[in-house]
Amino acid sequence: MEFYLAILVGLIFAVSTYMMLSRSVIRLVLGVALLGNAVNLLIFTVGRVTREIPPIIPNGFKGMITGIANPLPQALILTAIVIGFALFSFVLVLTYRAYESLGTDNSEEMRIAEPEDVLVSELTY
Amino acid sequence: MADPNLISEAMRTAPTLLGEWNILVPMLGPLVVAAVSVMFRGKDRIQFSLALFGTLIALAGSVSLFFDVLFNGPQSLTMSGWIAPYGIAFTADMVSVIFAFVASLITLLIILYSPADIDKAFVKSGNYTMVLILLVGIHGSFMTGDIFNLYVWFEVILISSFGLLILGGEKIQLDGAVKYAFINLLGTTFFLIAVGLLYGITGTLNFADLYQKVADSDATGSLAILSIMFLFAFGIKSAAFPMYFWLPAAYHTPRITVSAIFGGLLTKVGIYALIRIFSIVFPDGNGAAFEIFTILGALTVLVGGLGSIAQVGLRRMLAYVLISGVGMLMIGIGINTPLAMLATIQYAVHSMLVMTGLYLIAGVIGRMAGSFEISKIGGIVMQYPFVAICYFGLALAVMGLPPFSGLWPKLMMVQAAFMNGDHWLVAVILVGSFLTIGGVGRAGIQMIWRGGDIDTPDGQYEPRGRRLEKHQLNIMMLPIVIIFLLTFLLGIFPEFLIQFANLAAGDLFNTDLYVKNTLGGL
Amino acid sequence: MMENVYLNTATLIAQVLLVSSFILLTIRLIKGPTLSDRILCLDMLVTVGIGFIAIFAIRTQQFAYIDVAIALGLTGFLATIAFARYVMWNGQNQLKIDKKDDKNT
Amino acid sequence: MIVELIISALIICGALLCLIGALGVLRFQDVYVRMHAASKAGTLGAGLLLIAVAVASAELGLITRSLAGVVFLVLTTPVSAHLLARASIIAGVKTCNETEINLLEGKYDKKKQTLASHVEKPVK
Amino acid sequence: MLVAVLSGFILAIFAPTIKRFLGYRAGWVLALLPASIFIYFLSLYDQVMTQRAVFELYEWVPTLGINLSFYLDGISLMFALLISGIGTFIMISSGGYLKGHVNQGRFFAFMLMFMASMLGVVLASNLIAIFFFWEMTSVTSFLLIGFDHLRKAARRAAFQALVVTGLGGLGMLGGFIILGVSVGNFELVEIMQFGTEIKDLDLYFVILVLVLLGAFTKSAQFPFHFWLPNAMEAPTPVSAFLHSATMVKAGVYLLMRMYPILGDTIEWSVILGTFGAFTLLSGTFIAIRQTDLKRMLAYTTMASLGLLVMLIGVGGEGAIEGAVLYLFAHSLFKGGLFTVAGTIDHEAGTRDITKLGGLRSKMPITFFAALIAALSMGGIIPLVGFIAKESMYHALLHGNNYTLILLAVAIIGNAFMFAIGFAVALKPMLGKLGDMPKAAHEAPIMLWIGALVLGICGLAAGFGITYLGSTLIHSAVSSINNENASTELHLWAGINMPLILSLFTMGLGAIIYMNYHRVRIFADDVLNWIGWGPDKGFDQFFAGLLAIAQWVTRNMQNGDLKTYMRYIFIMLALVIWVPMFIYGAFPSIDLTKLVTPTFYEAGILLMAVLGLYAVLVAKSRLTSIVSLGILGFSVALLFMLFGAPDLSFTQFMVETLSVVILALVMTRLKLDKSDRKYGLYAIISAIIATAVGTGMTLLLLRVMQTELDMSLSNYFTKYSAAIAHGHNIVNVILVDFRALDTLGEISVVMTTGIVVLALIRLKPKVDNNKDQNEDNLKGSVK
Amino acid sequence: MRIFTLHMVLALAWAAIAGNFSVLNIIVGFVFGLLAIWMVREQLGAGTYFRKSRRIVSLILLFVYELVHSTFTVALLVLKPKLDFKPGIIAYPLKVKSDVEITLLANLITLTPGTLSIDVSDDKKTLYVHAIDATDPEGIIADIADGFEKKVIEVFE
Amino acid sequence: MNTVILRTIAPALTALMILFSLFVLLRGHNEPGGGFIGGLIAASAMALFGIASGVQAVRRALYFHPVSLTGFGVLMAAASGIPSYVNKVPFLSGIWWKIPLGNGEYFDLSTPMIFDIGVWFVVVGAITAITLTLEEVE
Ligand code: NA
Ligand code: NA
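Residues numbered from 1 in each chain as written. Chains lettered and ligands numbered in written order. Predicted model: local features only at pLDDT ≥ 70, side-chain atom pairs only at ≥ 80, totals over all residues. Heavy atoms only, no water.

Concerning the coordination of the sodium ion (ligand 2)
Definition in use: Listed donors are limited to N, O and S atoms within 2.8 Å of the metal, widened to 3.2 Å for Na, K and Ca; water is not among them, so incomplete-looking sites are possible. Note on conventions: DSSP H or I runs of at least 4 residues are helices, E runs of at least 2 residues are strands, and numbering of each starts at the N terminus. We call a residue buried when its accessible area falls under 20% of the maximum for its residue type, exposed when it is over 50%, and partly exposed in between, using a 1.4 Å probe and counting protein chains only.
Those protein atoms acting as donors to the sodium ion (ligand 2) are D646(E) (OD), N731(E) (ND2) and G33(G) (O), and they sit at 1.9 to 2.9 Å. Residue N731(E) is found in helix α31 (residues 729-737), and its partner G33(G) is found in the loop between α1 (4-27) and α2 (35-53); the two belong to separate chains. A residue is classified by how much of its surface remains accessible, and N731(E), at 2% relative accessible area, is buried. On the basis of relative accessibility, which here comes to 6%, the residue G33(G) falls in the buried class.

Here it is, written out as structure tokens:
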């Protein structure tokens, strides 16, 4: 099963990369969202997958149980999802503010921080 | 209650002593204060006091931890009562505490400078809270002994740096922030990917445990890829070639205190992580990582140096100087000998201090001249000779000229490179240093010595900027003078730092000590 | 997992049906043609998803999953509302919008 | 045994309804008609499946939660359908060619964002 | 000696204060320091003579084995005496020369620091310490040259000096470190014990070149000489100090110091000889074209340095003796001449030799001082310059064919210098009164005292040469050669070949002096015809560097996020693929062992892929967002299928909230253009994307070939319910086992809250389009 | 409402007496409480309480019936090879006044055969309804008016 | 959005969601759920409330500024590590108390639970702050 998940992970990475190579910052944001999914799924896959049995210990049971899904990657992903969501919100709002302020979501037109004339043209002392 | 036998096999049973909490203080102190300051958001009066308080706690914690580590060796505390590698361990060795101390000190200085730079509206929007959170993330990164936990602290740093960067919402900031945000987000994401895959190979997250598991692993090919991926991810964070774009795009856009924090601290955390990971997880580089370090480092030095020559803006120039310094650090890590690590740590401390100082003084200069454009700045030595002296000293420091701190790490780095047989690196370090002289020197000559604007005729001096009020200048100059004195003292009494940096470098090569402290002699 | 033949067969068939529904809805989502159609598909997808979770819970006897279904029932609706809000706003402000690009406007 | 049969029937019916709903969404001509398929077949289908869970799980907490799930579905689905339909109308999403009458046409005032009431024409 | 070196620095700090209290007379007071240092070194004279050297060592950086050690032998003693002695007079004359200048105090400070640095260079005996002080001289001379900083030329000159000497210093550092590491010691005394071993090192040539780079740049050897004449922008006392006794001699000192360590090899003689000879000739040739007194002197200084370098290159006792003598003589006469030039400038208001004339009667003392200095420079008996010349001719005569060529060079060079020396000293004094801006009269004592004393010293040295030769000079030569020299000097050695050559030189010089104007025109024409020189070259070099810098910066940092992203993702692809190829770390997939997915797993995977496809082909951004919802939904279902209810739960919720926020934001955007991209760029993007995607898949598969160590998860499973009282292991990990992660994570979430608020709420009041950078300067204290 | 509160108090009291606050026990308490109130319905004036309860149940039953019915109607349409129905948007004149009633009615309409509420006019007099088969608008209006609207009014009167 | 239907139904749904959120929060230790998920549900509730009834209504309903809630949450989570200090165990160690309810039953209070509630506050506060702020942007 990991094999198929790995292919899906690769596909998501590819699409995410393609999106992030766009001019439109909105597409970049979507690329970020996709990337988050890809990474989460990657960690999930790398923790090896088990079908159906959640890492929840049945009531009254206190010892070691087997056959459950690997809980650690799940916890890590949970953390990563929430962080990813927070950062996603940020870049989204940032994009919005950049759009509002710069009048574009086209990254090619975002040249205020780095205009053409930032370089010294001749020697002076 | 649970079976005592079970508890004794799963948990730490020895009582936790008061002193052991010390390792938490630099992180937890500012966090609690930051949480309080969030609750009092909008009350600008107490924000500054809280920030000062939080930073002082962090500083006090760092200092006390420093001595603890100095006298008693590396310190470790595994959280939540579990034993490492299952719980998250904080482990502090000399490297951590040196970085932690300098970071706290710099933050304190910047906080002291802030009232002269930060508007009320900024304070109400959480400027100081973000600084505190940044400090939390930085200290967390320095102390943690767990690679996923490191990722979390990196995210803490990242989000607070985003906040500081956009505070004010100017067009230029937003533009810079867009570039900064996406590239840095990718950096941490790649880090997370690498962490995930590393877990997939070793099944563990704790540094000390990783040290053993990676060494025992026969998945050398995958580990080689991962080591380079870590290098790549932290390379983005540290602004190494060719992943540094975000830095020149953004560092000149926010308030000067923010530039100073960024310049002084942020890239160094990436460097710290590289040092940590490549001393514990991949101590023998697992392949070609160290060669890549030196190659990228060399390119970074050169590109940074060239960039600093080409800039018309003071802050932009400093950004490139900073990048060049990152290259030096990368080179040091790549050489990977005790001397090189000593040089790296020494350089890191020097660079943290000096870059902060330079950005802060750029703030004074910019305020004075009404612009950060070098061609519009002039006559500083006539208006404020004291400012000129400070700039001059910091510039010398960053160029690596005596009698300031930059000389020594450069010297050690050259020595380490030569001793390691990397003769070409000697050339690169020297050329890089030369380029910095060209950039920083020429900018300084123009800003300090020239009469006024670029068109000012010879001998005519026309002050252009607004005169700073005296108390404002005093607020701004105090931290700068402290940094100036520190870099001067480190220039003439380098041994003061070198002895500690040497211990730190020793710690980095004495991995067993770290492992033993973290895993409790397992 | 389950000893009962009827139930086993039923869940199996149901899963086939639901997965088919997913795919059909996805096809409609890709085809569009308007944004509203796509949103509708997403909304329906969530509804079918709730059913899917229910079947899954029955099949695996892991009833813990039911809470996920409930949450989905509560919040899937929120996404639709947000999108609807966007569509409506877009309709109200179609002043500068290039129709070639976005068919729904 | 009977319980299992009931569950099986519920499951099959629910899943079938979901499929029909999906098919309707795929087949129908415009978004408004598709909404009929989605809101009715979908809700009943998913509802039946949740009821199946309620029946299958002998635990009271689960029963109540499953039924609560049904209630939530019934509460939310019409609202989202209403909002989406309304938004589509405002956004100018055309009804299909087969549409017999459209009394909403021209009732929305986009500037004032108001919807006028329908005035009955004099009795035929 | 430590005190002697440091006192200069410490006094420098207080110099401005002292000046504030005493005014220009502070010069007298401050001169007491170099004077007492001079006396101090004189007092060590006997000790040096008897013990050959005095050594002092302080621990400095013990970790690195670097000491602050001082070593006083003949050569360093001679330099120390010259520095402090001449320093004394320069301090005095600075007092007068800059009388009334607002920044005189600063000037004193710089001078003192400079002097102290120079002392450090010549006294230090640890390579690193030498380097430290060496760079200090670069820094302080930079400050001095740029003292008149409001003039662009001064700024440029200072920058040149900094860059050129800085470059040299870096080279020297490299050389020193290679040397020190190769022999395992940085202490000069120890290194000198190594003898020929060093010359046999593989890296000998590298060390030599690097150290010579340091020496040549400092000593203004061609082609690094250009900074020196430009350094004339400095006030005259600086010129005198820099160009007579000290800074430029640092290079010569270094060569002398290194002579026993690196010298006496073919490489050494050829490089030093060639560069020295070329510098001598070009220096004189350029000097003669000048009309500015100071520039003339500066170029002759360059020539003299060439001469010295040439002699050190030749090596051997005779040549070294000649070099030491010439160095001694030069320090005295050049110091004097510069002071004279400064005095004339100060009194007449010009340094233009074509305008000056007839000052002899107005400034008799100055004239006298000038005359003595010129005589010494011309090498006329009985001045010390004469003996120096004799000595060097003697040495060059007794060498091989190569040294005979150098002899010819030396003769021509000396003849020119003879002419120039007289031109400087006599032209302004003799003839009719020139057309000068100021009515000149004799300068105050502070200005001429230095020149006079130096001149008299030169005279005295000439007469006392026998004594001097058996003591100071002997000692210096011995220490350079690292063996006891057989120095024996006399003012009059009888009529011999060197004397004849000397007379020939003077004759030639006299001819040049008489045809001075014609020669100058000729030199001018030639140099104009060449049209290119290192001075222009410096600008061209920097322009070139700037062009490279611009090119690199523009191409790397073009301001376009898209480009940056492309670099990053190309890097990512390389990071995965290159090592994968190198290590052959491809996954091996056993298709027979693959677990077949159930139909519903396959269906959900298919749905995910369809969702991705929809995202990709979506024409509008909103369609992409909705399609993204499908992917998120599929991933959540996958989590559920593989036993992760918490993840599934969170994923659903986050997906929903993401969509809500996206829709809220999209509502604010008026996106009016299609952002689809076609053509080459899309293809490149697709290639990069494919490389990244497949790379990730392969890497992931490869990683999963290893057996996963489940010990962590097993531990969590074992103790979750038993000790941590929680049955949901994932939750227990989050709030107990790894609660610290969660603490960090909620800090992120909290910060995101305030950051987003700040982002939306805090907007600039006036969105100034013109100069955004200016807006950052608005902050104020309220 | 007053009686409903009493009802809840009784249910909780039962749980307290039993010393068991499980959901099951509270439900049991609720049923017993209902019985108790029914016994004293006249004293409490709880007649309407029961009438209302009955009407609610009746509404729910109608709804379930209509939902199932409507689903099958739609299902038939979906499965029919040819899509030959004539959809349309009709205006339903509202009799109900309050927001809650309107909302309830609109939602019920959505879940019933061939109709889907689109929007309510600002004066709350017209409910625009999309009908999947709008060949007979009057019939649909009459169905709603006699069906759901009547029952809704009853519940809320 | 200004529609009668949504406006009418939203408060009920919001209340239900909050209730569900608390339920998910409190049982997270043993079943799927916990502070994050609970917080996300509650935040969704707030978002819904905001969309339906306007931002001001939510602000009034919350009484505290949502950002203050996040600060409180972090403080609470961090504070849950403090009893460890007293008990001489490392930071964030789980400590369980049985709080007697007076009738012989006990309420299980634990530091992990306090921690999780802190998480809940943070998530609710931050996301609500974001959605509300976005809602009210001009
Ligand atoms: Na729904
Ligand atoms: Na949980």
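Some words on the interface of chain B and chain E
Applicable threshold: We call two residues in contact when some of their heavy atoms are within 4.5 Å. Buried area counts how much accessible surface, traced with a 1.4 Å probe, disappears from two parts once they are put together, with both parts' losses summed. Any carboxyl oxygen of Asp or Glu that lies within 4 Å of a side-chain nitrogen of Lys or Arg is treated as forming a salt bridge with it.
Counting residues at the interface gives 149 residues for chain B, matched by 118 residues for chain E. Overall, the association of chain B and chain E removes approximately 11,600 Å² of surface from exposure, summing both partners, and the carbon and sulfur fraction of that is 75%. Of all residues in chain B, Y86(B), F434(B) and W449(B) bury the most surface against chain E, accounting for 7% of the area lost on that side. If you look at where chain B meets chain E, you find 3 salt bridges. Salt-bridge contacts for K213(B) lead to D709(E); the nearest nitrogen and oxygen are separated by 3.4 Å.

Some details on the packing of aromatic side chains
Filter applied, for reference: Pairs were defined over the aromatic rings of Phe, Tyr and Trp, the Trp ring being its six-membered one, requiring ring centres within 6.5 Å. Orientation was assigned from the angle between planes: stacked under 30 degrees, edge-to-face over 60, tilted for the rest. In our convention, an over-ring charge means Lys NZ or Arg CZ found within 6 Å of a ring centre and within 35 degrees of that ring's normal.
This structure, assessed with the given rule, holds 83 aromatic pairs over all chains. Aromatic side chains Y151(B) and F191(B) sit 6.1 Å apart centroid to centroid with 65° between the ring planes, which places their arrangement in the edge-to-face category. In this pair, Y151(B) is assigned in helix α7 (residues 147-166) and F191(B) in helix α8 (residues 171-202), connecting sequence segments 40 residues apart. Neither residue differs from the other here; Y151(B) and F191(B) are each classed as buried. Over the face of the ring belonging to F372(B) we find R315(B), whose NZ or CZ atom lies 4.4 Å from the ring centre. In this structure, K562(E) packs its charged tip against the face of Y681(E), placed 5.0 Å from the ring centre.

Comments concerning the pattern of salt bridges
Residues and elements named next belong to chain E. Within this structure, the stated rule accounts for 35 salt bridges over all chains. Note that R257 is salt-bridged to D73, the shortest N-O span being 2.8 Å. One end of the pair, R257, is in helix α12 (residues 247-262); the other, D73, is in strand β2 (residues 66-73), with 184 residues separating them in the sequence. Note on accessibility: R257 and D73 belong to one class, buried. Residue D539 pairs with R156 through a salt bridge whose shortest N-O separation is 2.9 Å. Of the two residues, D539 sits in helix α24 (residues 534-556) while R156 sits in helix α6 (residues 152-183), which places them 383 residues apart along the sequence.

Describing the sheet that holds strand β3 (residues 126-131) of chain F
We count it as follows: Pairing between strands is defined by DSSP: at least two bridges between them are needed. Fitting a line to C-alpha atoms yields each axis, with helices limited to the stretch in contact; the angle taken between N-to-C directions then spans 0 to 180 degrees.
Spatially, β1-β3-β2 (chain F) is the arrangement adopted by the 3 strands of the open sheet, whose pairing is antiparallel. In the strand order of this sheet, the two ends are held by β1 (88-93) and β2 (115-120) of chain F, each with one partner. Between one strand axis and the next, the sheet turns by 30° as a mean value, whatever way the strands run. Pairing analysis gives 6 bridges linking β1(F) to β3(F), with the strands arranged antiparallel. In the strand pairing of β3(F), A91(F) is matched with Y128(F). Its contacts with the sheet put helix α3 (residues 60-91) of chain D on β1 and β2 of chain F, and the angle it makes with β2(F) is roughly 65°.

Thoughts on α8(B)
Residues and elements named next belong to chain B. Selection criterion: Multiplying one less than the number of residues by 1.5 Å gives the expected span of a helix.
Taking 1.5 Å of rise per residue, 32 residues should cover 46 Å, and α8 covers 46 Å from first to last C-alpha, within 8% of that figure. Across the 32 residues of α8, 32 count as buried, placing the element largely inside the fold. Count one or two residues on from α8 and you reach G203, which has phi positive near 75°.

Considering the arrangement of the chains
Out of 13 pairs of chains that touch, the pair holding the most contacts is chains B and E. What separates chain B from chain C at the closest point of their C-alpha atoms is a distance of 23 Å, and the two make no contact.

As for helix α3 (residues 74-97) of chain E
Between its first and last C-alpha, α3(E) extends 33 Å over 24 residues, near the 34 Å set by a 1.5 Å rise per residue. Summarising burial for α3(E): 24 of the 24 residues are buried, a large majority.

Topic: the interface of chain G and chain D
Spelled out, the test is: Nitrogen and oxygen atoms within 3.5 Å of one another constitute a polar contact, given that in protein one can donate a hydrogen and the other can accept it, and given that sequence-neighbouring residues count only through two side-chain atoms.
Residue-level contacts link 10 residues of chain G with 8 residues of chain D. Counting the surface lost from both chain G and chain D, the interface buries some 880 Å², and carbon and sulfur atoms represent 80% of this. Here chain G and chain D share 0 salt bridges between them. Linking chain G to chain D there are 1 residue pair in polar contact (both at pLDDT 80 or more).

Quick notes on a negative patch on the surface
What counts is decided by this rule: For patch detection, residues must exceed 30% relative accessible area and be free of salt bridges, and they are connected within 9 Å for like charges or within 5 Å for nonpolar side chains (Val, Leu, Ile, Met, Phe, Trp, Tyr). Per-residue and other accessible areas follow the Shrake-Rupley method at a 1.4 Å probe size, with only the shown protein chains counted as cover for residues. Only four residue types enter the tally: Lys and Arg on the positive side, Asp and Glu on the negative side; His and the chain ends are excluded. Lys charges are placed at NZ, Arg charges at CZ, Asp charges at CG and Glu charges at CD.
Taken together, the side chains of D133(F), D136(F), E138(F), D143(F) and D146(F) make up a negatively charged region of the molecular surface. For E138(F), the location among the structural elements is in helix α6 (residues 137-156).

Side note on the side chain of E20(B)
Residue and element names in this part refer to chain B. Tracing the backbone through its elements, the reader meets E20 in the loop between α1 (4-10) and α2 (25-39). Within the local environment of E20, its side chain forms a polar contact with the side chain of R12, the two groups lying 2.7 Å apart. With sequence-adjacent residues up to four places away left out, E20 is seen in contact with R12, P15, S76 and L77.

Looking at the pairing of β3(F)
Residue and element names in this part refer to chain F. Of all 6 residues making up β3, 6 are buried, and the element is well covered by its neighbours. Both faces of β3 are covered, namely the face carrying T126, Y128 and H130 and the face carrying L127, V129 and A131. Here β2 folds back onto β3 in antiparallel fashion, the turn holding 5 residues, of which K124 has a positive phi close to 60°.

Re unusual backbone geometry
Outside of glycine, negative phi angles account for most residues, and trans bonds account for most peptide bonds. Along the chain, A84(B) connects to P85(B) via a cis peptide bond; the corresponding omega equals 5°. Examined against the element boundaries, P85(B) turns out to sit in the loop between β1 (75-78) and β2 (89-92). Residue F222(E) is joined to P223(E) through a cis peptide bond whose omega torsion reads 0°. Secondary-structure assignment places P223(E) in the loop between α9 (204-218) and α10 (227-230). Here the phi dihedral of A239(B) falls at roughly 65°; this positive angle occurs in a residue that is not glycine. With respect to the secondary-structure elements, A239(B) resides in the loop between α10 (220-238) and α11 (246-250).

Quick notes on the nonpolar core
Stated formally: By nonpolar core we mean a set of buried residues, namely Ala, Val, Leu, Ile, Met, Phe, Trp, Tyr and Cys, connected to one another through side-chain atoms within 4.5 Å.
One finds F182(B), F230(B), Y391(B), F41(E) and W227(E) to be the most contacted residues of the largest nonpolar core, which totals 788 residues. Counting residues in hydrophobic clusters, the runner-up holds 15 residues, among them M46(G), F49(G), A57(G) and I117(G).

Observations regarding the state of the cysteines
This is how it is decided: Here, the term disulfide refers to a pair of cysteine sulfur atoms separated by no more than 2.5 Å.
Tallying each qualifying case throughout the model produces 0 disulfides over all chains. With no disulfide of its own, C41(C) lies closest to C18(D) among cysteine sulfurs, the gap being 14 Å.

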